[in-house]
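# Structural features, examined
Each chain, written out:
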2 protein chains.
Amino acid sequence: MQQRQNVAIIGSGAVGSYYGGRLAEAGHNVHFLVRRDYHAVTATGLNVTSPDGDFILPHPRIFNSSGEIGPVDWVICALKATSISDAHRLVKPCIGPGTRILVLMNGLGLEEHFADWFGAGSVFGGLAFTCINRAEPGHIHHLAYGTVTIGHFQDDPAELEAALSLWSGSKTRVISAPSLLRARWEKLCWNIPFSGLCVAAGGITTDRVMDNSGLNQAARHLMEEVMAAGNADLSHHQEKVSIDRAALVDSMFKRTSTMGAYKPSTLIDFVEGKAMEVEAIFAEPLRRALALGVTAPQLSLLTALLRSLNHR
Amino acid sequence: MQQRQNVAIIGSGAVGSYYGGRLAEAGHNVHFLVRRDYHAVTATGLNVTSPDGDFILPHPRIFNSSGEIGPVDWVICALKATSISDAHRLVKPCIGPGTRILVLMNGLGLEEHFADWFGAGSVFGGLAFTCINRAEPGHIHHLAYGTVTIGHFQDDPAELEAALSLWSGSKTRVISAPSLLRARWEKLCWNIPFSGLCVAAGGITTDRVMDNSGLNQAARHLMEEVMAAGNADLSHHQEKVSIDRAALVDSMFKRTSTMGAYKPSTLIDFVEGKAMEVEAIFAEPLRRALALGVTAPQLSLLTALLRSLNHR
């Protein structure tokens, strides 16, 4: 494996704890910023069950504040998108001259904030396709999938190599995205229809969206709206790539049909009465669509419904 | 008042009991087909509280089966639209040579069934704009509004006069609709956006739809889709009238802004876990829109969501 890196996990929820744990397991020097489970993790360590192999970190380096961690090689920001307003304050103390930042969060427009704060060249985006829950304090259940797609904010191939090598000795599979913006939009092409409909249709799993002809049709229509918005946004950002619409719809529906009763993270938030990441996953794509003259009537309606459901 | 008429109320829920009660109060000979509250009404009578005046019918004529009622002058069918498949069986025994039928139900396409079964000339549609709840058995709370708009299935002015005269001595205000089809669509122009969004946004009242900018905008967009579908349907039926789109939107929003925390009947069904009238209020208008080549993406999505919510 590559040289041992100092890593700070900002936001040690299910996703941050799991991927930070995998990096620690691979030998990196991982510091976890922990809020809720500090005492539990001190007592029991970090316990992970996973189809890729269970593991325990008996004494992970956990911290109550980022200031105690200080500058590191890599910051992995795994906050919920609903906490974006806390991100600058929490990440800043970990930034030194050469620090790189992986924004391992859901939704559109988040890397832009980090680029403004810390410089565009140091920012990466990570897209986790996975199913991870936090069970009792200090216990993480990784249930399925787990691949992380990583792109660089300026799509610099050398920087992207550096990001991939961080994970090279770990059990996490990483894929590089030549265009981060396209990767973000492609994930939204799945996330908006399926996460959105799972919630708005009353709290159902993806298989029920697939099996209901009206919802299945709505998923396709929403996906078309998102693809149109995404391609307009890519073109607006002068990217040379675009989303291959025909291929994407087929592959998304084919993949979803193999996922069974999958619960997107937005659905889990909804069912548990937690804040859903509506602004980053739905409202920002809608804002860009409308700004670029792309009509998106179903995305408009869905966003309005989800915002309302978020404030029940 | 006009001659005493024999009336059968088929479906003595809140709406049927209230309006039947008003006709009995006015001196008509009203027979109520009662299912759930038979014993309670026998014991306590029919008790109505209303801003238009409370009243009690101590010994209303109540029946367990339509066969015991037999042929009458007027059938008022106030079943829920979800029970349309029971309507023929329940109404048939009350039909004689001169029987007229007022379909006092929500949604589109219901009069067509009655016209097929009993002849188009005898069918009327009634659109109740009201807020009536059933409280304890035998007790009805009329809370607000109450006007009934009545149209004839073939828009025959003489027949329409006959329908209005039935109500002339009662405390119910009735308005005649020169075009029943336009009246149905105009009611849907309110009902689809406001009832639909109240439910799909998580079970909220109309004031919250009005006050939320995203939902308010969605209501306007949905109303535009319904108006476009309605005008296409009116033209398809060779009606000479159409919906005045600009005037309607303004008047609907103005009226809704005075309604406060209004609960549409579909919302009450949803909150109480009862079947919502999705097919008649949403799916049939959508079916007609699509058949006539009117695109209605928000109505499509809303209908799919409500169908799913109906089967939670």
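As the structure is a prediction and not an experimental result, all values here were calculated from the model.

With phi around 55°, Asp155 of chain A is a residue other than glycine that occupies positive phi space. With respect to the helices and strands, the residue Asp155 of chain A is situated in the loop between strand 9 (139–152) and helix 6 (157–166).

Residues and elements named next belong to chain A. The domains assigned to chain A are domain 1 (6–178) and domain 2 (182–310). For domain 1 versus domain 2, the distance between C-alpha centres works out to 24 Å. Across the boundary between the two partners, domain 1 contributes 25 residues, which contact 23 residues of domain 2. Taken over both partners, the interface formed by domain 1 and domain 2 buries close to 1,900 Å², and the fraction arising from carbon and sulfur atoms is 54%. Between domain 1 and domain 2 we count 3 salt bridges in total. Glu112 is the salt-bridge partner of Arg288, the closest N and O atoms lying 3.3 Å from each other. Between domain 1 and domain 2 we count 12 residue pairs in polar contact (both at pLDDT 80 or more) in total. Those elements that place two or more of their residues in the side of domain 1 that touches domain 2 are helix 5 (110–118), strand 8 (123–134) and strand 9. The biggest single contributor to the side of domain 1 that touches domain 2 is strand 8, with 8 residues.

It is worth spelling out the relation of the copies chain A and chain B at this point. Mapping chain A onto chain B is achieved by rotating through 180° and translating by 0.0 Å along the same axis, at an RMSD of 0.0 Å. Classification of the inter-copy transformation places it as that of a two-fold axis. Across chain A, the rotation axis passes nearest the C-alpha of Gln298 of chain A, at a separation of 2.7 Å. When the interface residues of chain A are mapped onto chain B, 100% of them are again interface residues, pointing to one common binding face.

This part takes up the nonpolar core. Core analysis: the biggest nonpolar cluster contains 102 residues, and Leu197 of chain A together with Leu197 of chain B have the highest contact counts within it. When near neighbours in sequence (up to four residues on either side) are disregarded, Leu197 of chain B contacts Leu301 and Leu305 of chain A together with Ile192, Ile204, Val209, Leu215, Ala218, Ala219 and Leu222 of chain B.

It is worth spelling out the interface of chain A and chain B at this point. Counting residues at the interface gives 20 residues for chain A, matched by 21 residues for chain B. Together, the buried faces of chain A and chain B total about 1,600 Å²; carbon and sulfur atoms form 68% of this surface. For the chain A face of the interface with chain B, the top three residues by lost area are Leu301, Leu305 and Ser308 of chain A, together amounting to 32%. Taken together, chain A and chain B are joined by 0 salt bridges. Among the secondary structure elements, those contributing two or more residues to the side of chain A that touches chain B are helix 7 (180–200), helix 9 (213–236) and helix 13 (297–310) of chain A.

Let's shift gears to the environment of Phe194 of chain B. Residue and element names in this part refer to chain B. With respect to the helices and strands, the residue Phe194 is situated in helix 7 (residues 180–200). Taking relative accessible area as the criterion, Phe194 reaches 0% and is therefore assigned buried. Once the C-alpha coordinates of Phe194 and Asp250 are considered, the two residues, 56 residues apart in sequence, prove to be 14 Å apart. When neighbours within four sequence positions are excluded, Phe194 is seen to be in contact with Thr206, Val209, Met210, Ala219, Met223, Phe253, Thr256 and Pro264.

In this section: the pairing of strand 8 of chain A. Residues and elements named next belong to chain A. With 10 of its 12 residues buried, strand 8 lies for the most part within the structure. Sheet topology places strand 7 (residues 100–103) next to strand 8; 3 bridges connect them, and they run parallel. Residue pairing across strands places Ile101 opposite Val123, the latter belonging to strand 8. Of the strand pairs in this sheet, strand 8 and strand 9 are connected by 11 bridges, and their pairing is antiparallel.

Residue and element names in this part refer to chain B. Contact geometry of helix 7 with helix 12 (residues 278–291) gives a least axis separation of 10 Å together with a crossing angle of 120°. By the angle class used here, helix 7 and helix 12 are oblique. At the point where helix 7 passes helix 12, the crossing takes the left-handed sense. Along the contact surface, helix 7 presents Leu181, Trp185, Leu188, Asn191, Ile192, Ser195 and Gly196, while helix 12 presents Ile281, Phe282, Pro285 and Arg288. Partitioned by chemical class, the residues of the contact of helix 7 with helix 12 number 7 nonpolar, 3 polar and 1 charged.

Parameters at a glance
- Residues numbered from 1 in each chain as written.
- Chains lettered and ligands numbered in written order.
- Predicted model: local features only at pLDDT ≥ 70, side-chain atom pairs only at ≥ 80, totals over all residues.
- Heavy atoms only, no water.
- Helix = DSSP H or I, 4+ residues; strand = E, 2+ residues; numbered from the N terminus.
- Domains from an automatic or database assignment.
- Contact = heavy atoms within 4.5 Å.
- Buried area = accessible area lost by both parts, 1.4 Å probe.
- Salt bridge = Lys/Arg side-chain N within 4 Å of Asp/Glu carboxyl O.
- Polar contact = N/O pair within 3.5 Å; in protein donor to acceptor, adjacent residues only side chain to side chain.
- Least-squares fit on C-alpha atoms with pLDDT ≥ 70 in both.
- Core = buried A, V, L, I, M, F, W, Y, C linked by side-chain atoms within 4.5 Å.
- Buried < 20%, exposed > 50% of the residue type's maximum accessible area, 1.4 Å probe, protein only.
- Pairing = 2+ DSSP bridges.
- Axes fitted to C-alpha atoms, helices over the stretch in contact; angles between N-to-C directions.
- Parallel < 35°, antiparallel > 145°, perpendicular 65-115°, else oblique.
- Left-handed = near helix turned anticlockwise from the far one by under 90°.
- Nonpolar A, V, L, I, M, F, W, Y, C, P; charged D, E, K, R; others polar.

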